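# Survey of secondary and tertiary structure
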Amino acid sequence: MVENSERAAAMTSYDKCVELTNNLLWSWRPQVVEIFKLLNPRRWRDLGHNPIALLAEYTPEEFEQRVLELALQARIDVAFRNYQKYISERTEWAKQNAGVLGSRPVAYFSLEFGLHESVPIYSGGLGVLAGDHVKSASGLGVPLYAVGLFYDKGYFKQYINAEGEQEEIYQNTDVRNLPLKPCRDKDGNVLMVKVQLRDEAIYAKVRSMQVGRVTLLLLDTDVEQNSENDRKLTSTLYGGDERTRIRQELVCGVGGLRALHAIGVRPGVFHLNEGHNSFVVLEAIREQMESCGVSFKVAMQDVAQKTVFTTHTPVPAGHDRFSPELIEEHLKPMRQELGLSLTELMALGRVDVNRDSEKFCMTVLGLKGSRYANAVSALHGVVTRRMWRDLWPNKTEEEVPIGHITNGVHVPTWMAWEMKVLFERNMPGWTDTNIDRAVWAQAYNIDAGELWETHFALKNLLIDFARRHYRVQLERNGADQEALDRASRILDPNALTIGFARRFATYKRAYLVVQDEERFDKLVNNPDRPVQFIFAGKAHPHDNPGKDVIKRIASIQREPRFADRVLFLEDYDINVARHLVQGVDVWLNNPRRPLEASGTSGQKAVLNGALNCSILDGWWNEAYDGTNGFAIGDGSVHVDDAVTDERDNAALLDVLENQVVKTFFDRNEHGLPIKWIRMMRSSIATLGWRFSADRMVADYVQHAYLPAAGAVSAKMPR
Ligand SMILES: *Cc1c(COP(=O)(O)O)cnc(C)c1O
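Quick notes on the rules
Residues numbered from 1 in each chain as written. Predicted model: local features only at pLDDT ≥ 70, side-chain atom pairs only at ≥ 80, totals over all residues. Heavy atoms only, no water. Helix = DSSP H or I, 4+ residues; strand = E, 2+ residues; numbered from the N terminus. Rg over C-alpha atoms; globule rule 2.2 N^0.38 Å. Buried < 20%, exposed > 50% of the residue type's maximum accessible area, 1.4 Å probe, protein only. Lys, Arg positive; Asp, Glu negative; His and termini not counted. Charge placed at Lys NZ, Arg CZ, Asp CG, Glu CD. Near = heavy atom within 4 Å. Polar contact = N/O pair within 3.5 Å; in protein donor to acceptor, adjacent residues only side chain to side chain. Phe/Tyr/Trp six-rings, centres within 6.5 Å; stacked < 30°, edge-to-face > 60°. Lys NZ or Arg CZ within 6 Å of the ring centre and 35° of its normal. Pairing = 2+ DSSP bridges. Core = buried A, V, L, I, M, F, W, Y, C linked by side-chain atoms within 4.5 Å. Contact = heavy atoms within 4.5 Å. Domains from an automatic or database assignment. Buried area = accessible area lost by both parts, 1.4 Å probe. Salt bridge = Lys/Arg side-chain N within 4 Å of Asp/Glu carboxyl O. Axes fitted to C-alpha atoms, helices over the stretch in contact; angles between N-to-C directions. Parallel < 35°, antiparallel > 145°, perpendicular 65-115°, else oblique. Nonpolar A, V, L, I, M, F, W, Y, C, P; charged D, E, K, R; others polar.

### Let's talk about the overall build of the protein
Check the secondary structure of the protein and you find 30 helices and 20 strands. For 718 residues, the compact-globule estimate of 2.2 N^0.38 gives 27 Å, and the protein sits close to it at 25 Å. Here the C-alpha coordinates of the protein stretch approximately 80 × 70 × 55 Å along the principal axes. Within the protein, buried positions represent 60% of all 718 residues. Here the protein contributes 86 positive and 95 negative side-chain charges, whose respective centroids are spaced 3 Å apart.

### Quick look at the site of the ligand
Near the ligand you find 14 residues, and of these Trp 414, Lys 508, Thr 600, Ser 601 and Lys 604 are the closest. In the model, an oxygen atom of the ligand is placed 3.0 Å from a nitrogen or oxygen of the Lys 508 side chain. Backbone polar atom of Thr 600 to an oxygen atom of the ligand: 3.1 Å apart, as the coordinates give it. When residues of the shell around the ligand are traced back to their parent elements, those giving at least two are helix H9 (125–140), helix H25 (574–583) and helix H26 (601–607).

### Re the packing of aromatic side chains
Taken as a whole and assessed by the stated rule, the structure comprises 27 aromatic pairs. Aromatic pair Phe 520 and Phe 562: ring centres 5.2 Å apart, planes at 55°, arrangement tilted. Pair noted here: Phe 520 is in helix H23 (residues 517–524) and Phe 562 is in the loop between helix H24 (544–558) and strand S17 (566–569), with a separation of 42 residues, a long-range link. According to the relative accessible area criterion, Phe 520 is buried, its value standing at 0%. Here Trp 619 and Trp 620 contribute two aromatic rings whose centre-to-centre distance is 5.2 Å and whose plane-to-plane angle is 65°, an arrangement assigned as edge-to-face. In this structure, Trp 619 and Trp 620 share a single accessibility class: buried. Ring pairs connect the aromatic residues Phe 500, Phe 504, Phe 520, Phe 533, Phe 535, Phe 562 and Phe 568, which therefore count as one cluster. It is Arg 502 that lies over the ring of Phe 500; its NZ or CZ is 5.1 Å from the centre.

### Some words on the pairing of strand S1 (residues 106–109)
Burial along S1 is two-sided: Val 106 and Tyr 108 and Ala 107 and Phe 109, pointing in opposite directions, are all buried. Note: S1 against strand S2 (residues 144–149), four bridges, orientation parallel. Paired with Ala 107 across the strands is Tyr 145, a residue of S2. Relative to strand S9 (residues 269–273), S1 runs parallel, the two sharing four bridges. By the bridge assignment for S9, Ala 107 is matched with Phe 270.

### What to know about the nonpolar core
If you look at the biggest cluster of nonpolar residues, it comprises 131 residues, and the most contacted ones within it are Phe 279 and Tyr 705. Here the element with the most residues in this core is helix H30 (residues 693–708); it accounts for ten residues. Setting aside residues up to four positions removed in sequence, Tyr 705 forms contacts with Leu 101, Val 106, Tyr 108, His 133, Val 142, Leu 144, Val 269, His 271, Val 308 and Tyr 700. Residues Ala 416, Phe 533, Leu 567 and Val 576 belong to the second largest nonpolar core, which totals 94 residues.

### As for the domain arrangement of the protein
Once the domains are mapped, the protein shows domain 1 (2–88), domain 2 (92–157 + 168–407 + 698–708) and domain 3 (420–691). Relative placement of domain 2 and domain 3: their C-alpha centres are 34 Å apart. In this complex, domain 2 contributes 24 residues to the contact, which on the side of domain 3 involves 25 residues. Taking both partners together, domain 2 and domain 3 bury about 2000 Å²; carbon and sulfur atoms supply 58% of that area. It is Glu 117, Leu 379 and Asn 407 in domain 2 that bury the most area against domain 3; as a group they hold 26% of the surface buried on that side. Our enumeration of links across domain 2 and domain 3 arrives at three salt bridges. A salt bridge links Lys 157 to Asp 571; its shortest N-O distance comes to 3.0 Å. There are nine residue pairs in polar contact (both at pLDDT 80 or more) connecting domain 2 and domain 3. Counting residues per element, the ones that place at least two in the side of domain 2 that touches domain 3 are H9 and helix H17 (378–387). Per-element tally for the side of domain 2 that touches domain 3: the top contributor is H17, with four residues.

### Describing unusual backbone geometry
Residue Pro 594 follows Arg 593 across a cis peptide bond; omega there is 0°. Counting through the fold element by element, Pro 594 comes out in the loop between strand S18 (586–589) and H26. At His 49, a position not held by glycine, the phi torsion is positive, near 60°. Along the chain, His 49 falls in the loop between helix H4 (41–46) and helix H5 (51–55). According to the relative accessible area criterion, His 49 is buried, its value standing at 14%. You will see that Asp 571, though not glycine, has its phi angle at about 60°, which is positive. Here Asp 571 shows up in the loop between S17 and H25.

### Details of the pattern of salt bridges
Scanning the model with the defined rule gives 52 salt bridges in all. Two residues, Glu 475 and Arg 471, come together in a salt bridge whose shortest N-O distance is 3.5 Å. Placement of the pair is Glu 475 and Arg 471 together in helix H21 (residues 448–476), with a separation of four residues, close to one helical turn. Arg 471 sits in the partly exposed class, given a relative accessible area of 23%. In this structure, a network of salt bridges that share partners links the residues Glu 200, Asp 230, Arg 243, Arg 247 and Glu 329.

### Examining the packing of H9 against H30
Two elements in contact, H9 and H30, have axes whose closest approach is 8 Å; the angle formed by their N-to-C orientations is 80°. In terms of their interaxial angle, H9 and H30 are classed as roughly perpendicular. Facing Leu 129, Asp 132, His 133, Ser 136, Ala 137 and Leu 140 of H9, the residues of H30 in contact are Ala 693, Asp 694, Met 696, Val 697, Ala 698, Tyr 700 and Tyr 705. Among the residues making up the contact of H9 with H30, the classes are represented as nine nonpolar, two polar and two charged.

### Some remarks on the environment of Leu 611
In this fold, Leu 611 is placed in strand S19 (residues 611–615). As for Leu 611 and Asp 585, which are separated by 26 residues in sequence, their C-alpha atoms are 6.3 Å apart. The contact partners of Leu 611, leaving out residues within four places of it in the chain, are Asp 585, Val 586, Trp 587, Asn 628, Phe 630, Trp 676, Met 679, Met 680 and Ser 683.

### A few points about the sheet that holds strand S15 (residues 496–501)
In spatial order, the strands read S17-S16-S15-S18-S19-S20; together these six strands make up an open sheet with parallel pairing. A single partner strand is all that each edge strand has here, and the edge strands are S17 and strand S20 (630–632). Direction aside, the axes of adjacent strands within the sheet are offset by 20° on average. As paired elements, S18 and S19 share four bridges and run parallel to each other. Each residue of the ladder has a partner; that of Asn 589, found in S19, is Ser 614. Helix-sheet contacts for H24 involve strand S16 (531–536) and S17, and the interaxial angle to S17 is about 135°. Across the sheet, helix H28 (residues 641–664) touches S15, S16, S18, S19 and S20, and the angle it forms with S20 is around 160°.

So this is what it looks like as structure tokens:
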């Protein structure tokens, strides 16, 4: 500690900032973000909130001058000392709860990580969940290494053109602006791993990124040794065909585990985030057979004991499946080392091992290769056990060994700084890493005026952001001055503001609220009780029905009667998400039940005082208690989707008209919606701690990691 302190004293502000930007910890520390923003607010925004790019615009001398002008030095010193303290200390929590994982850490595999908008290696919910998992593991001090792929073009940027259509733009990421460091093998060479296929080999270089206390390894196939095609293998997320997919999954799973070994990490637990990473199981078995000379069967049992598998997909079609030909082309050398025939290997990915027509399913491999399997909400647990019951023909559906750990969100990332300050002032003992329900229950006492004022300030920030964001789109599409001026006035801070932002997969039904346009018109255009909607979300490049939904929303926005009531914001990413969840009054979620495994965006809204209005699906099915938000319908579904949609549309409009709008506009003599504020408090008190990623990661430690490490025996919650 003394050494740290003396080192800090000898460093310039510039050096300190360089070091701060090399660890993504800065991204969830508002005091540090504030420093970069103050340096040059305009450039900070233009550079996509990338502090490395911002620093690169100064020479060290110019930087010190700027720090002097703005009197930032003390802030930088404090930020740097907090950073040093954070990364050098073992947490109390870890000492008490995760000690045994110290020498045999968890290896967490995911095909995407959503950490910050300036690190474009994620597409949506799955990635953001993985990012939040890693950040909470860092905060709690869980010994964990994360493994994923580096995509040099990331996921697409979404432009909405003048016709209201989605355009997909892939941009090259400038790696110099990312906190990436090459990994080195024991001889000091840049680490390269090799995955041998039947006819060729794929190579990947390995770099790392620090996320607080967690190291994230990222594999990248853009190296000379590879064919032109394989060099592009890790170019974009979810691009390409099945062959691309199986290769990406081999690089991440097999290559990723080899990379960990090469840097001297011997994981005691493997956590596979979704079926994409199930090849880890095969590589771990192979390694075990090689190093211990045991049989496939013994090695498989041992690996399964150490493996935790999380599934996120409640639709059978959503799981990766590969033909025997593709499997043989890619896994023949692996299969031979495992001593398996092709039929035996295929059996590991088949529900019915004798059915030759069945493809190799990555989720099946994950389930067979793990002793700890979980869904991501209680309801999703029920659906998942039903979906995979045939894998356990001797068990009843209830006995199927798949539990659930409900998803949560990383509080320091998603809660607005203004809300944190409010909570710290009103709730003794509260910090943004606290998950004690009694501490959060003090939200019931937050001063109504202050809570409303804070929310209203955040709502205004959202409106300001939305106007700016929308203007950029209009300018690009060649809109005239009048349209640009109108964009600068769009959205009314006093209107009830409802946010709907998510992937535009059709089951999420973005169109539901506008399905009956006449009723929608009456809802939004009541002059005494105006209501406005902000939409955002990307459709997968191959998802034409999803793109049609975007067009439909855009065309509604173009109708004069809805022009001030509906706004579609392009390019939904972590930045847009943060503004939305921090500023709306209501977060709307209306998927076709039970297709939303969990959903997490509504949990982010909770932290900022927004109320959820949602179908009883995913996390909301276990969260809603009648006082902490709104439920659409009663959870029933019809076999015919069209009938379900019609019923749910009616139920949604009923709730909006009779409950949401009424409560929101019911004001006391000071103009405060007292009943609404009571619901905000109840939402924060009952949900904030429960749907935090710290709670989620603590659950994984207790119910999965420690049992997998052999430290305790425990059952996954049902
Ligand atoms: C939180 C988040 C998601 C996930 O939201 P869902 O509720 O699961 O739909 C997707 N994309 C981004 C950018 C997010 O921040």
